[in-house]
Every structure is written in structure tokens, then in C-alpha cells.
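# Descriptive structure summary
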Amino acid sequence: GLVRLPFWVIEEGKEPIRPWGGAWVSLGSGKIHIGQAVGPAERDSRQALDAFAEFALDGTRAGYIPGRVEVTGPGVMEALEDALGPLGVMVNRRDRLAGLDNLLRVLGEEQGTAGALPGVLEPPGMSVERVAAFAEAARLFFVAAPWKNLTDQDRIRLEDPKPRPGFQNLLVMGAGGRQFGLMLFESAGFHEVILASDDGEALIKGDAYTSVFFGQIHEMPLQDADIFEDLRLMVADPRAYPWAARFGP
């Protein structure tokens with residue numbers, strides 16, 4: 001198939017990109033092959049066909065033409081049917097392929113990106129529509145730049161509309177010019193813990209809290225970054241991609 005690889009390519013002076021490549025798994029032998037990787041603007045369904053040809057011609061890893069292939073990814077089915085149909089190869093399309101999912105998981109583990117941060121769609125009840133609404137709220141928050149007037153000394157108590165438990169108090173992050181966002185928590189006493197903590201150790205042992213962070217796209221969980229890229233969700237700045245996380249003892 002044609003897949004988005006689970007790591008970032010970061011070059012000085014350029015925006016980070018998630019590369020796309022043609023990837024194949026031989027379920028019989030367990031061997032794998034990934035073809036040339038390119039940026040999202042250059043991705044093409046023929047990458048999957050090129051990678052297939054490389055795999056089929058490589059006697060050390062595959063060296064054969066299978067009777068049937070299962071494929072996934074934009075335009076891959078059509079590209080492979082035209083090329084492989086005359087060779088008698090049956091092409092079936094699947095929304096997801098366990099072999100490719102496992103390959104990407106292993107690559108993510110090798111790169112240190114798999115499982116590091118849960119994606120925004122993982123909690124029950126989340127939807128793409130809710131993510132889009134969150135993205136727009138975060139964009140407006142960043143444009144308003146409340147850190148110009150507030151520091152971590154300024155605890156804000158939310159009263160109306162009445163917040164859900166755990167969101168009664170908030171701090172705006174960003175007055176120091178490094179980490180932008182906000183932190184929400186339950187008890188006013190936790191604010192004293194935050195101010196007294198230099199290394200974060202007290203935060204880990206204290207109450208649960210929720211933070212919204214702003215940063216570059218490669219600092220987000222991979223699933224979140226995929227959604228922002230695929231849906232072309234707007235951000236206020238290349239440093240203003242938002243992601244939220246709940247932390248607890």
C-alpha cells in the first residue's frame with residue numbers, strides 16, 4: 001500500500017514533513033520492503049507499484065510475483081489493477097491491513113514515536129467534528145494571546161458556565177516565551193504546588209490536571225498531526241498546533 005510513515009523529516013529552514021512511501025509485507029515469509037519516501041505534496045499511488053516491482057525482483061527478500069495482493073491507500077487499487085491484472089494477479093482493496101499496521105507500529109517503536117502520546121481520537125466519544133471545533137477554539141485562543149497580560153501567578157477561577165469537575169481553575173502558559181497554552185485543575189491549593197515546583201516532580205505526585213499545549217506540528221501526537229494535515233485545519237501560526245492531555249499521579 002501507500003502509507004504515511006511514522007516519523008518526521010526535519011530540515012533546517014523547512015517545515016517538518018511526514019513522508020509517504022510504498023510499503024509491502026509478504027505474509028508468507030514475513031519479509032518487508034519500503035520504497036522511496038517522499039513528502040506529502042509529491043506522494044503518488046505509483047509509489048506502491050514501484051515498491052512492488054522492487055520487492056518482486058529482490059531474490060533475497062521476495063523474488064516472486066504473488067497470485068493475490070491486498071492493498072490500501074489513495075489510488076493504489078487502480079494503479080495496481082492496471083499493471084498487475086495482465087499478469088494474472090488478483091488485487092483486493094482493504095481499508096486497513098493488519099500486516100501494514102504491524103509494520104508501521106514496529107517502525108514507530110524503532111523511531112520512538114509509537115505509543116509515546118495517545119491520539120486525540122482514542123478516547124470514547126471523540127469525533128473528527130469535535131477535533132475541528134477544538135482546533136478553531138485553539139486558533140482563536142492563540143490569536144488572542146492572553147499570555148501578554150497573564151502569568152503563572154494569575155490563577156483564574158471559572159464560574160459561569162459552571163465547569164465540569166477538574167476544570168474549576170486555570171493558568172495561562174506563555175508569559176516566559178517558551179511553552180504556550182493553558183493548564184486546568186481542580187483545587188486552588190494545586191496552584192501553590194505549581195508555583196513551588198521547579199522540576200515537575202510535585203506535579204506528578206499532586207492532583208490530576210489537564211493541559212493544552214501549542215507547538216510545531218511534529219511535537220503533536222502522530223494521530224493529531226495526521227488529522228490536522230488531512231482536514232487542513234487552520235492554525236494561527238506554524239508554532240500553534242494544539243494538543244491536549246490529561247495528567248495524573
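Before any of the text, the structure's been laid out above.
Here the structure is a predicted model, which means the values were calculated and not measured.

## Re the overall build of the protein
A count of helical and extended segments in the protein gives 7 helices and 10 strands. Looking at the 249 residues of the protein, the share that counts as buried comes to 41%. Considering only contacts in the protein between residues 6 or more positions apart, those separated by 24 or more positions represent 52%. Only carbon and sulfur atoms are counted for the fraction: they give 52% of the accessible area of the protein, which is about 14500 Å².

## Notes on the pairing of strand 3 (residues 32-38)
Where strand 2 (residues 20-25) and strand 3 come together, 5 bridges link them in antiparallel fashion. What sits directly across from Trp 24, in strand 3, is His 33. From the end of strand 2 to the start of strand 3, which pair antiparallel, there are 6 residues, and Gly 30 there has a positive phi angle of about 80 degrees.

## Looking at empty space enclosed by the protein
Summed over the entire model, instances satisfying the criterion amount to 1 cavity of 30 Å³ or more. Forming the walls of the largest cavity are Val 120, Val 131, Phe 134, Met 220, Asp 224, Phe 228 and Pro 242. Among the elements of the structure, helix 4 (128-144) and helix 7 (222-231) are those that each provide at least two residues to the lining of the largest cavity.

## Let's talk about the layout of surface pockets
If you add up the space inside the second largest pocket, you get close to 810 Å³. Around the second largest pocket sit 25 residues that line it, and Phe 134, Thr 210, Val 212, Ala 244 and Ala 245 are the ones nearest its centre. Only helix 4, strand 8 (180-185), strand 9 (209-215) and strand 10 (241-247) provide two or more residues apiece to the lining of the second largest pocket. The biggest single contributor to the lining of the second largest pocket is helix 4, with 6 residues. A breakdown of the residues in the lining of the second largest pocket according to their chemical character gives 19 nonpolar, 2 polar and 4 charged.

## What about helix 3 (residues 98-111)?
Under the 1.5 Å per step criterion, the end-to-end length of helix 3 is 20 Å for 14 residues, consistent within 8% with the ideal 20 Å. Within the span of helix 3, buried status applies to Gly 99, Leu 100, Leu 103, Leu 107 and Gly 108. Lining the buried residues of helix 3 we find strand 1 (2-4), strand 2 and strand 3. Gly 112 sits one or two positions beyond helix 3 and adopts a positive phi of about 80 degrees.

## Thoughts on the sheet that holds strand 2
Sheets are built from strands paired through backbone hydrogen bonds, the pairs being either parallel or antiparallel. Sheet architecture is open: 3 strands sit in the order 1-2-3, paired in antiparallel fashion. Looking at the sheet topology across the chains shown, the edges are occupied by strand 1 and strand 3. The average undirected angle you get between the axes of adjacent strands in this sheet is 35 degrees. Running at roughly 120 degrees to strand 2, helix 3 makes contact with strand 1, strand 2 and strand 3 of the sheet.

## Quick look at the nonpolar core
Formed by 19 residues in total, the largest nonpolar core has its most connected members in Trp 24, Val 69, Val 71, Leu 80, Leu 84 and Val 91. Tallying contributions element by element places helix 1 (residues 46-57) first for this core, with 6 residues. Leave out the neighbours within four places in its chain, and Trp 24 touches Gly 1, Lys 31, Ile 32, His 33, Ala 48, Ala 51, Phe 52, Phe 55, Val 69, Glu 70, Val 71 and Leu 80. In this structure, Trp 8, Phe 213, Met 220 and Trp 243 belong to the second largest nonpolar core, which totals 15 residues.

## Here's the deal with the packing of helix 1 against helix 2 (residues 76-84)
Helix 2 packs onto helix 1 with a crossing angle of 45 degrees between their chain directions and a minimal axis gap of 8 Å. What the angle tells us is that helix 1 and helix 2 run oblique. Judged by the twist between their axes, the crossing of helix 1 over helix 2 is right-handed. Every residue of helix 2 that contacts helix 1 at Ala 48, Leu 49 and Phe 52 is listed here: Val 76, Ala 79, Leu 80, Ala 83 and Leu 84. Considered class by class, the residues forming the contact of helix 1 with helix 2 number 8 nonpolar, no polar and no charged.

About the cut-offs
Residue numbers run consecutively from 1 along every chain, following the written order of its sequence. Under the rules for a predicted model, residues below a pLDDT of 70 receive no local features and side-chain atom pairs below 80 are neither given nor counted, while totals for whole chains, interfaces and linings still include all residues. Computation of side-chain values covers all heavy atoms of the structure but excludes hydrogens and water. We count a stretch as a helix when DSSP gives it H or I for four or more residues in a row; a strand needs E for two or more, and each element gets its number in order from the N terminus. Burial status follows relative accessibility: with a 1.4 Å probe on protein chains alone, a residue under 20% of its type maximum counts as buried, one over 50% as exposed, and anything between as partly exposed. By the convention used here, residues are in contact when the closest approach between their heavy atoms is within 4.5 Å. Residue burial considers only the protein chains on display, and all accessible areas are found by Shrake-Rupley using a 1.4 Å probe. At least two bridges found by DSSP between two strands are what make those strands a pair. Cavities and pockets were defined on a 1 Å grid built from protein atoms only: a cavity is a group of points that admits a 1.4 Å probe but offers it no way out, a pocket is an open group of points flanked by protein on both sides within 12 Å along at least five of seven lines, and a lining residue is one with an atom within 4 Å of any such point. Grid points are joined across faces, edges and corners, and a volume is the space filled by probe spheres set on the points. Amino acid classes used here: Ala, Val, Leu, Ile, Met, Phe, Trp, Tyr, Cys and Pro are nonpolar; Asp, Glu, Lys and Arg are charged; the rest, including Gly, are polar. Between the first and last residue of a helix there are one fewer steps than residues, each counted as 1.5 Å, and that sum is the expected span. Note on geometry: axes are C-alpha line fits, over the in-contact stretch for helices, and angles between N-to-C directions span 0 to 180 degrees. In these notes, a set of buried Ala, Val, Leu, Ile, Met, Phe, Trp, Tyr and Cys residues joined through side-chain atoms within 4.5 Å is what counts as a nonpolar core. Oblique is the label for any angle not under 35 degrees, not over 145, and not in the 65 to 115 range, which are roughly parallel, roughly antiparallel and roughly perpendicular in turn. In this scheme the handedness of a crossing depends on how the near helix is turned from the far one: anticlockwise by less than a right angle means left-handed, clockwise means right-handed.

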